[in-house]
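Notes for the structure review
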Amino acid sequence: MKFLDFCAGIGGGRTGLTKNNLSCVGYSEIDKNAIFTYNTMYGKNEENFGDLTKINPSALPDFDLLICGFPCQTFSIVGKREGFNDIRGMVIFSIAEILKQKNVSYFILENVKGLVNHNKGETINKIVTILSDIGYNVSYTVLNSIDYGIPHMRERVYFVGIKKEIDNGKFHWPIKVECSDISQYFDENNNTILSADDKTFQKYINNKYNYGKFDLQEILKTDNLVLDTRQSDLRLYKNKVPTLRTGRHGILYVKDGQLHKINGYEGLKLQGFSDEYIKKVRSAKINNNRLLSQAGNAMTVNVIESIGKELLKCVEV
């Protein structure tokens with residue numbers, strides 16, 4: 001089976017599908033930094049078709065499956081939640097047009113969990129209606145990356161569509177698997193250490209939200225304890241990391257009595273990227289903060305791999 005990787009980012013969806021032996025025939029991405037990382041990981045052989053909203057479907061190669069992490073800014077609880085009133089929310093219509101014109105058999109879409117309740121559920125119902133009207137049976141659910149082997153609490157809504165005339169009713173959402181130990185995800189070469197005596201950190205730990213709640217010396221005794229330095233209060237986690245997001249760089253962990261900031265390579269691993277890809281981006285010396293942001297914007301490889309595996313059961317041999 002062939003697929004095309006839309007709104008590709010750095011290719012988390014691509015990697016999940018290729019782990020199921022599907023073949024990528026091209027991608028669509030407009031962010032130049034994401035494109036550089038994508039090319040670093042996968043090479044420059046596939047054509048980048050650019051802005052999804054400007055693509056002429058007839059210019060695309062034939063493919064069986066469309067995967068797209070379509071823009072989430074308009075639906076996220078972090079944003080203004082303008083939904084279809086924001087031009088970025090209109091990408092779904094471009095997706096639908098490509099699906100229709102190319103007669104694509106299957107699709108996998110991903111977005112933020114907040115889409116489920118956006119506009120009291122009207123937005124997601126409209127999306128399902130748009131896709132159903134062009135000939136697909138559509139199902140969606142919220143999955144958490146931590147339930148698919150990755151110690152990363154990342155809830156996202158996933159859509160799977162199958163052309164009605166070929167749907168054999170065999171698709172089921174993947175079952176949960178045990179989460180692996182978080183220590184496997186930390187970079188032994190991570191030298192981004194935050195001193196416990198750092199004035200900014202001390203001011204934070206003693207602000208009105210955190211004062212008297214934490215014993216820093218006890219915290220530093222607990223290896224692999226994760227600290228989420230949120231805008232106000234500090235939150236602690238054992239064997240799991242809170243959601244990585246673009247621009248969220250305040251996640252720390254304890255190792256050998258020191259506080260380490262999660263770096264971009266660890267962010268990639270917490271999104272399911274293998275050491276093979278991490279080695280490539282290390283060689284390219286991509287800016288750490290940029291890489292961490294890109295990891296925060298990626299699909300979780302393990303989740304897409306699991307969905308893809310279930311979807312393949314629906315393909316008639």
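What you see is a predicted model; the values in this text were computed from it and never measured. (Residues numbered from 1 in each chain as written. Predicted model: local features only at pLDDT ≥ 70, side-chain atom pairs only at ≥ 80, totals over all residues. Heavy atoms only, no water.)

Quick word on the overall build of the chain
Formally: Helix numbers and strand numbers start at the N terminus; a helix is a DSSP run of H or I with at least 4 residues, a strand a run of E with at least 2. Our radius of gyration looks at C-alpha atoms and nothing else; its globule reference is 2.2 Å times the residue count to the power 0.38. For every residue, the accessible area (1.4 Å probe, protein chains only) is compared with the maximum for its type, and the residue is labelled buried under 20%, exposed over 50%, or partly exposed between those bounds. Two residues qualify as a contact provided that any one of their heavy atoms is within 4.5 Å of a heavy atom in the partner residue. Each accessible area value is a Shrake-Rupley result obtained with a 1.4 Å probe; residue values ignore everything except the protein chains displayed when judging cover. By the counting scheme adopted, Arg and Lys are positive, Glu and Asp are negative, and His together with the chain ends is not counted. Where a charge sits is defined by one atom per residue type, namely NZ (Lys), CZ (Arg), CG (Asp) or CD (Glu).
Scanning the chain from N- to C-terminus turns up 10 helices and 11 strands. Since a compact globule built from 317 residues should have a radius of gyration of about 20 Å, the 20 Å found for the chain is in line with a globular shape. Along the first, second and third principal axes, the C-alpha set of the chain runs to 60 × 45 × 35 Å. Out of the 317 residues belonging to the chain, those deemed buried represent 53%. Contacts in the chain between residues at least 24 apart in sequence constitute 70% of all its contacts with a sequence separation of at least 6. About 15300 Å² of surface is accessible on the chain, with carbon and sulfur atoms providing 45% of the total. Charged side chains of the chain number 41 positive and 36 negative; the gap between the two group centres comes to 4 Å.

Brief notes about the pattern of salt bridges
How we decide: Between Lys or Arg on one side and Asp or Glu on the other, a salt bridge is scored when a side-chain nitrogen of the former is within 4 Å of a carboxyl oxygen of the latter.
By the definition in use, this model includes 13 salt bridges. Close ionic contact of Asp 233 with Arg 235 constitutes a salt bridge, the shortest N to O distance being 3.1 Å.

Re the environment of Leu 252
Position of Leu 252 among the secondary structure elements: in strand 10 (residues 251-255). Considered as a pair, Leu 252 and Gly 11 are 241 residues apart in the sequence and their alpha carbons are 25 Å apart. With residues up to four places along the chain from it excluded, the contact list for Leu 252 reads Leu 194, Phe 201, Leu 225, Val 226, Leu 227, Thr 229, Leu 259, His 260 and Lys 261.

Details of the sheet that holds strand 2 (residues 23-28)
For clarity, the threshold we go by: Any two strands are treated as partners once DSSP identifies two or more bridges connecting them. For helices, the fitted line uses only the C-alpha atoms of the stretch in contact; every axis is such a line through C-alpha atoms, and the angle between N-to-C directions lies from 0 to 180 degrees.
Pairing within the open sheet is mixed, and its six strands lie in the order 2-1-3-4-6-5. The open sheet terminates on both sides in strands that have one partner only, identified here as strand 2 and strand 5 (136-144). Between one strand axis and the next, the sheet turns by 20 degrees as a mean value, whatever way the strands run. Lying on the sheet, helix 10 (residues 301-312) is in contact with strand 3 (65-68), strand 4 (106-112), strand 5 and strand 6 (155-163); it crosses strand 6 at an angle near 25 degrees.

Quick word on the sheet that holds strand 8 (residues 225-229)
Spatially, five strands are ordered 7-11-10-8-9 in an open sheet, and the strand pairing comes out antiparallel. Since the sheet does not close on itself, it has two edges, and those belong to strand 7 (193-194) and strand 9 (234-238), each with one partner. Summarising the sheet, strand 7 and strand 11 (residues 258-261) pair through two bridges and their orientation is antiparallel. Paired with Ile 193 across the bridge in strand 11 is His 260.

Some words on the side chain of Asn 263
The line we're drawing: Side-chain atoms alone can form a polar contact between residues adjacent in sequence; in general such a contact is a pair of N or O atoms within 3.5 Å, and within protein one must be able to donate a hydrogen while the other accepts it.
Summarising the element assignment, Asn 263 is placed in the loop between strand 11 and helix 7 (264-269). One polar contact links the side chain of Asn 263 to the main-chain amide nitrogen of Glu 266, over a distance of 2.8 Å. Sequence-distant contacts of Asn 263, defined by excluding residues within four places in its chain, comprise Asp 187, Asn 190, Thr 192, Asn 288 and Leu 292.

Here's the deal with the packing of helix 3 (residues 91-102) against helix 4 (residues 122-133)
Condition: For classification purposes, an angle smaller than 35 degrees is called roughly parallel, one larger than 145 roughly antiparallel, one from 65 to 115 roughly perpendicular, and anything else oblique. Handedness of a crossing is defined here by the sense of rotation of the near helix relative to the far one, left-handed for an anticlockwise turn of less than a right angle and right-handed for a clockwise turn.
Packing of helix 3 against helix 4 brings their axes to within 10 Å, and their N-to-C directions diverge by 20 degrees. Relative to helix 4, the element helix 3 lies roughly parallel. The two elements helix 3 and helix 4 meet at a crossing, and its hand is right-handed. Counting all contacts with helix 3, which are made through Ile 92, Phe 93, Ala 96 and Leu 99, the residues of helix 4 involved are Lys 126, Ile 127, Ile 130 and Leu 131.

A word on the packing of helix 2 (residues 32-42) against helix 8 (residues 275-284)
Using the following cut-off: Here the term charged refers only to Asp, Glu, Lys and Arg, the term nonpolar to Ala, Val, Leu, Ile, Met, Phe, Trp, Tyr, Cys and Pro, and the term polar to all other amino acids, Gly among them.
Orientation of helix 2 relative to helix 8, taken along the N-to-C sense of each, is 120 degrees, at an axis distance of 8 Å. Taken together, the axis directions place helix 2 and helix 8 in an arrangement best described as oblique. Handedness of the helix 2/helix 8 crossing: right-handed. Listed contacts from helix 8 to Phe 36, Thr 37, Thr 40, Met 41 and Tyr 42 of helix 2 are Tyr 277, Lys 280, Val 281 and Ala 284. Of the residues that constitute the contact of helix 2 with helix 8, the class distribution is six nonpolar, two polar and one charged.

Observations concerning empty space enclosed by the protein
Going by this rule: Using protein atoms alone on a 1 Å grid, points that fit a 1.4 Å probe yet trap it form a cavity, whereas open point sets bounded by protein on both sides within 12 Å along at least five of seven lines form a pocket; residues with an atom within 4 Å of a point count as lining. Grid points are joined across faces, edges and corners, and a volume is the space filled by probe spheres set on the points.
In total, this model carries one cavity of 30 Å³ or more according to the counting rule given. Here the largest cavity defines a volume of roughly 40 Å³. In terms of lining residues, the largest cavity is bounded by Met 1, Leu 17, Leu 22, Leu 65, Ile 108, Gly 308, Leu 311 and Leu 312. For the lining of the largest cavity, the element with the most residues is helix 10, which contributes three residues. Counted by class, the lining of the largest cavity contains seven nonpolar, one polar and no charged residues.

Some thoughts on unusual backbone geometry
The backbone phi angle of Asn 103 is positive, close to 50 degrees, even though this residue is not glycine. Mapped onto the fold, Asn 103 is located in the loop between helix 3 and strand 4. The class of Asn 103 is partly exposed, set by a relative accessible area of 48%. In this model, Lys 120 sits at a positive phi of 60 degrees, which is unusual for a non-glycine residue. Position of Lys 120 among the secondary structure elements: in the loop between strand 4 and helix 4.

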